[in-house]
Amino acid sequence: MFKKGDVVCLNALGKSAQALGNRDYAPNPCALRLLMGEALEVSGVQPVFDGAQHFSLRFCDGAYSFSQDYFELAS
């Protein structure tokens, strides 16, 4: 599981057409940075809903969030 302060980048799923690589996805500045291969620091981790086993990772001081499934730790 990821934690605040981890530096992560998109994994293959995150880059795919099922995720941020979807051409119909309305891009935001954070997603564009990730798609260009930039590694970003996680600014927060929150459950998708109370009691959930799945989490969203927050970036850019919490302005953007994406599924934890789209990321891996940056090397």
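Criteria and cut-off values
- Residues numbered from 1 in each chain as written.
- Predicted model: local features only at pLDDT ≥ 70, side-chain atom pairs only at ≥ 80, totals over all residues.
- Heavy atoms only, no water.
- Pairing = 2+ DSSP bridges.
- Helix = DSSP H or I, 4+ residues; strand = E, 2+ residues; numbered from the N terminus.
- Buried < 20%, exposed > 50% of the residue type's maximum accessible area, 1.4 Å probe, protein only.
- Contact = heavy atoms within 4.5 Å.

Here's the deal with the sheet that holds strand β2 (residues 40-41)
Spatial strand order, β2-β1-β6: three strands in an open sheet with antiparallel pairing. The sheet is open, and its two borders are formed by β2 and β6 (71-73), each paired with just one other strand. Bridging between strand β1 (residues 7-10) and β6 involves three bridges; their strand directions are antiparallel. Its bridge partner lying in β6, C9 is registered against E72.

Quick word on the side chain of S16
Within the element layout of this structure, S16 appears in the loop between α1 (12-15) and α2 (29-35). Given the relative accessible area of 16%, S16 is considered buried. In contact with S16, other than residues within four places in its own chain, are G21 and N22.

Regarding the environment of R33
Examined against the element boundaries, R33 turns out to sit in helix α2. Classification of R33 as partly exposed rests on a relative accessible area of 31%. The sequence separation of R33 and F49 amounts to 16 residues, and the corresponding C-alpha distance is 27 Å. Discounting chain neighbours no more than four positions away, the residues touching R33 are E38, L40 and C60.

Looking at the pairing of β1
Along any regular strand, the residues point their side chains to alternate faces of the sheet. The sheet contact formed by β1 and β2 spans two bridges and is antiparallel. Bridge assignment links V7 to a residue of β2, and that residue is E41.

Section: unusual backbone geometry
Here the phi dihedral of C60 falls at roughly 55°; this positive angle occurs in a residue that is not glycine. Within the element layout of this structure, C60 appears in the loop between β4 (55-59) and β5 (64-67). Classification of C60 as partly exposed rests on a relative accessible area of 32%. One non-glycine residue, D61, lies in the positive phi region at around 60°. With respect to the element layout, D61 can be found in the loop between β4 and β5.

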